[in-house]
Every structure is written in structure tokens, then in C-alpha cells.
Amino acid sequence: MRVGKLNPSEVHKTPGYHHVTIVEAGRLAFLAGQCPLDPDGNLVGAGDPLAQADQVAANALAVLAAVGAQPADVVRSVIYVVSDDREVLGAVWQRLNGSALGPAFGSASTLLGVASLGFTGQLVEVDLTAALPG
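Attention here is on the structure that accompanies the text. (Residues numbered from 1 in each chain as written. Predicted model: local features only at pLDDT ≥ 70, side-chain atom pairs only at ≥ 80, totals over all residues. Heavy atoms only, no water.)

1. Notes on the packing of aromatic side chains
Applying the stated rule across the entire model yields one aromatic pair. Measuring from centroid to centroid gives 6.0 Å for W93 and F105, while their planes differ by 55°, and the two rings are tilted. Residue W93 is found in helix α2 (residues 86-97), and its partner F105 is found in the loop between α2 and β5 (108-114); the two are separated by 12 residues along the sequence. Take F105: its relative accessible area is 6%, and that puts it in the buried class. (Phe/Tyr/Trp six-rings, centres within 6.5 Å; stacked < 30°, edge-to-face > 60°. Helix = DSSP H or I, 4+ residues; strand = E, 2+ residues; numbered from the N terminus. Buried < 20%, exposed > 50% of the residue type's maximum accessible area, 1.4 Å probe, protein only.)

Okay, here's the thing in C-alpha cells:
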């Protein structure tokens, strides 16, 4: 089985993982959790989960485009939010669903409130799996 890995130049550099893993058998793309980091690796929206959701959506769209996929091609998503407040969780869910990435969440999807995420100040992360066209 052939597996390809890719780090698109439109998003931040990683500390060793890849933004996308492509499995040739069945053509699936497994995206690394998309974080609220700009292309220089700086946190966007400190203290603001909605601003972070916007950056996460922008990064996810760039990574999907890098492999020729669109939000509608996403077959699995997990949204992580640092909060146990249902209003905060719901607001992030609504923000992401109302964004250009919204069609990604029409397939199997999970929304989780968590205690912390990987980067200092990070409040939102999205994990996607996409079926690649063709």
C-alpha cells in the first residue's frame, strides 16, 4: 500500500507531522488536526474561540485544496474545543458550520469539549478525513 505525505506551503510548518496523509488504496486523505495558527506559526485569536474557529476553517480549506478536495469530500470530522460550556461548544459548532468549511460537517462528525490542546492558548482544533476525487 502506497502512502503519501504533504505539508502545503499555505499553512504553518509542523514540528514533524504532516498536514495530510494520502492512502492510495481508496484515495483517502487524513488531515492532521488543524490549529488556529497563521502561516508563520503564530496563534490567531488568543482567548477568542470564534476567531480561532475562523483560522482553523481557513487552514482546513487550504489543506483540503492542496490535495484537490473540497469540504463536501470530508468523510469524518472531529472538532475539539477547550471548554465544558455548552454555549461555547455550540457557538464554535455554529461558526464552523456557517463557514465555507461547513459542508465538511455534514458527514460523520464529533464535537468534543477538552481540557487542553497542543499549542499554548489554543482553544479550537479540527481533525478531518477526506475521500479524494477520482
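More follows now that the structure is in view.
2. Looking at the nonpolar core
Core analysis: the largest hydrophobic core is formed by 29 residues, its most contacted members being A29, L64, L96, L101 and L128. Listed by contribution, the elements that provide at least two residues to this core are β2 (20-23), β3 (28-31), α1 (49-66), β4 (74-82), α2 and β6 (124-131). Considering every element that reaches this core, the biggest residue donor is α1, with seven residues. Residue contacts for L96: discarding those within four places in its chain leaves A53, A57, I79, L101, G102, F105 and V126. (Core = buried A, V, L, I, M, F, W, Y, C linked by side-chain atoms within 4.5 Å. Contact = heavy atoms within 4.5 Å.)

3. Side note on the pairing of β5
With seven bridges joining them, β4 and β5 adopt parallel strand pairing. By the bridge assignment for β5, V82 is matched with V114. Read as a crossover between parallel neighbours, the route from β4 over α2 to β5 is right-handed. (Pairing = 2+ DSSP bridges. Right-handed = clockwise from strand over helix to strand, strands pointing away.)

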